[in-house]
Amino acid sequence: MTRPARIPIVQNGDPVLRAIAKELSPTEIASAKVKKVIRDMKTALKAQADGVAIAAPQIGASMRIFVVSGRIFDSRFHRGVGIPEGEEPTHDDVVFINPVITKLSKTKKWMHEGCLSVRPLWGEVQRSTNATITALDETGQSFTRGAGGLLAHIFQHETDHLNGILFIDNARNVAPGQVPEDIE
Ligand SMILES: [Zn+2]
């Protein structure tokens, strides 16, 4: 068995993280090129033990796609703990293509936040506690998903990535640190 090549995560300072990512047509979604980007995103995310989600620009592809790790849907997952080493999550990764947030709760909270592309910084960002998103799946089918807690937080962090925004743009108390929490 050959191990998949390690996919590097683009770090802050690379212009791809500041670009407005491109919306994908149905033909593009079905293309080998986009399928490979999604595969590479999943590989890159899986390699980050503390990662919960990743956006396409974070592997250098300026496309409106993000992937949420199946880890967070596993009952053994708790923020800061994760799935035991060497074990697979019970849930598949979930792919969001051309995602649009259609609802955000007025209730907001300062949430602790980090980013795979802004290591090793952490900070607090004010986020809505609930969010609804509409997106296309890998087959081009539209779906809508409402979320609270961590998933609502992820929806906001990842759609920001697709618009060239990093959490440090709106964060307070930004500092380097090894915080036992998951990052996006
Ligand atoms: Zn991020």
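Here the structure is a predicted model, which means the values were calculated and not measured.

### Things to note about the pairing of strand β3 (residues 94-104)
When strand β2 (residues 65-68) meets β3, the two strands line up antiparallel, connected through four bridges. Directly across from valine 68, in β3, lies its bridge partner valine 94.

### Observations regarding helix α2 (residues 32-46)
Note on helix geometry: an α-helix contains 3.6 residues per turn, so any two residues three or four positions apart are oriented the same way. Given a rise of 1.5 Å per residue, 15 residues ought to cover 21 Å, and the 21 Å separating the end C-alpha atoms of α2 matches this to within 8%. Within α2, burial applies to Val34, Met41, Ala44 and Leu45. Looking straight down α2, one finds that the buried residues subtend no more than 95° of arc, so they occupy a single side. Turned more than 90 degrees away from the buried face of α2, the exposed residues are Ala32, Lys35, Lys36 and Arg39.

### Comments concerning the sheet that holds strand β8 (residues 172-176)
Strand order in the open sheet formed by three strands is β4-β5-β8, and the pairing between neighbours is antiparallel. Both edges of this open sheet fall to β4 (108-114) and β8, since each of them pairs with a single strand only. Recorded for the sheet is a direction-independent mean angle of 30° between the axes of neighbouring strands. As paired elements, strand β5 (residues 121-128) and β8 share three bridges and run antiparallel to each other. For leucine 121, the partnering residue across the bridge sits in β8 and is proline 176.

### Looking at the pairing of strand β6 (residues 130-136)
In β6, alternate side chains face the same way, and those of Ala131, Ile133 and Ala135 are buried while those of Asn130, Thr132, Thr134 and Leu136 on the opposite face are not. In this sheet, β6 lies alongside β3 in antiparallel orientation, the contact comprising five bridges. Looking at β6, one finds that isoleucine 97 is bridged to leucine 136. Connecting the antiparallel pair β6 and strand β7 (residues 142-148) is a turn made up of five residues, with glycine 140 showing a positive phi of about 90°.

### Let's talk about the sheet that holds strand β1 (residues 53-55)
Ordered in space as β1-β2-β3-β6-β7, the five strands form an open sheet in which the pairing is antiparallel. Since the sheet does not close on itself, it has two edges, and those belong to β1 and β7, each with one partner. For this sheet the average axis-to-axis angle between neighbouring strands, irrespective of direction, equals 40°.

Rules behind the numbers
Note on numbering: residues in each chain are counted from 1, in written sequence order. Local features in this predicted model are restricted to residues whose pLDDT is 70 or higher, and side-chain atom pairs enter the listing and the counts only when it is 80 or higher, whereas totals over whole chains, interfaces and linings include all residues. In this analysis, strands are considered paired if DSSP registers two or more bridges between them. Numbered from the N terminus, helices here are DSSP runs of H or I no shorter than four residues, and strands are runs of E no shorter than two. The span you would expect from a helix comes to 1.5 Å times its residue count less one. In this scheme the burial state of a residue depends on its C-beta neighbours within 10 Å: 20 or more other such atoms mean buried, 12 or fewer mean exposed, and anything in between means partly exposed; the C-beta positions come from the backbone. The directions from the helix axis to the C-beta atoms are what the arc is built from. Whenever a helix is involved, its axis is fitted only over the stretch in contact; in every case the axis is a line through C-alpha atoms, and angles between N-to-C directions fall within 0 to 180 degrees.

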